[in-house]
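Examination of the molecular architecture
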Amino acid sequence: MFSSLITLCSLMFAQGDLSISAVEDQKNAAANALSEINETQRSVQKQLEDALKDSDPERIQCIRNAKQSIDQLQFIVVDANEKFLSNIATGEYERSGVDFRQIIVSQSAVRQLA
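Residues numbered from 1 in each chain as written. Predicted model: local features only at pLDDT ≥ 70, side-chain atom pairs only at ≥ 80, totals over all residues. Heavy atoms only, no water.

**Side note on the environment of Gln107**
- Positionally, Gln107 belongs in helix α4 (residues 93-113).
- Gln107 sits in the buried class, given a relative accessible area of 2%.
- Between the C-alpha atoms of Gln107 and Ala30, which are 77 residues apart in sequence, the distance is 9.2 Å. (Helix = DSSP H or I, 4+ residues; strand = E, 2+ residues; numbered from the N terminus. Buried < 20%, exposed > 50% of the residue type's maximum accessible area, 1.4 Å probe, protein only.)

See below:
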């Protein structure tokens, strides 16, 4: 779904034909991505706590590595989301498209790590 949304929005940006509903769809997708990443981060933190209780060094290390990557991706998404909303507010739709793609790609990476 997101890849088709990205393709559609990319074409609309290229043609300078971005509608209000497309912008709203992007805002919703970005908010959902941020929410999903936050939830994944909480879930991985819980997994880490469980692994620490079980004293499983390999599992602890694996989860810590995933958590560190997710934390970094969350930072990227928060920053990209702020830029995305700012660029939409100022009418810089082409730049907001770059930020939106960054959010969606990061969301995909978090899904793979979870």
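Picking up where we left off.
**Some remarks on the packing of aromatic side chains**
- Under the definition given, this model contains one aromatic pair.
- Seen from their ring centres, Phe84 and Phe100 are 5.9 Å apart, and the 35° between their planes marks the pair as tilted. One end of the pair, Phe84, is in helix α3 (residues 57-89); the other, Phe100, is in helix α4, with 16 residues separating them in the sequence. Here Phe84 and Phe100 have matching classes, each one buried. (Phe/Tyr/Trp six-rings, centres within 6.5 Å; stacked < 30°, edge-to-face > 60°.)

**A look at the packing of helix α2 (residues 20-54) against α3**
- As a packed pair, α2 and α3 sit with axes 9 Å apart at the nearest point and diverge in direction by 160°. Considering their axes alone, α2 and α3 lie roughly antiparallel with respect to each other. Here the hand of the crossing between α2 and α3 comes out left-handed.
- For the contact of α2 with α3, the residue count by class is 16 nonpolar, eight polar and seven charged. (Axes fitted to C-alpha atoms, helices over the stretch in contact; angles between N-to-C directions. Parallel < 35°, antiparallel > 145°, perpendicular 65-115°, else oblique. Left-handed = near helix turned anticlockwise from the far one by under 90°. Nonpolar A, V, L, I, M, F, W, Y, C, P; charged D, E, K, R; others polar.)

**Side note on α2**
- Between the first and last C-alpha of α2 there are 51 Å, a value that for 35 residues agrees with the 51 Å anticipated at 1.5 Å per step.
- Once α2 ends, the next one or two residues include Ser55, with phi positive near 55°. (Expected span 1.5 Å × (residues − 1).)

**Focus: the environment of Ile70**
- In this structure, Ile70 sits in helix α3.
- Note on Ile70: relative accessible area 1%, which makes it buried.
- Among residues more than four places away in sequence, those in contact with Ile70 are Thr40, Gln41, Val44, Val110 and Leu113. (Contact = heavy atoms within 4.5 Å.)

**Describing the side chain of Asp99**
- When you line up the elements, Asp99 lands in helix α4.
- The contacts of Asp99, once residues within four sequence positions are left out, are Ala80, Lys83, Phe84 and Asn87.

**Some thoughts on the pattern of salt bridges**
- Applying the stated criterion across every chain, the model contains eight salt bridges.
- For Lys46, the salt bridge goes to Asp50, with nearest N and O atoms at 3.0 Å. Of the two residues, Lys46 and Asp50 are both situated in helix α2; the distance of four residues between them amounts to about one turn of the helix.
- A residue is classified by how much of its surface remains accessible, and Lys46, at 43% relative accessible area, is partly exposed. (Salt bridge = Lys/Arg side-chain N within 4 Å of Asp/Glu carboxyl O.)

These figures capture arrangement, not role.
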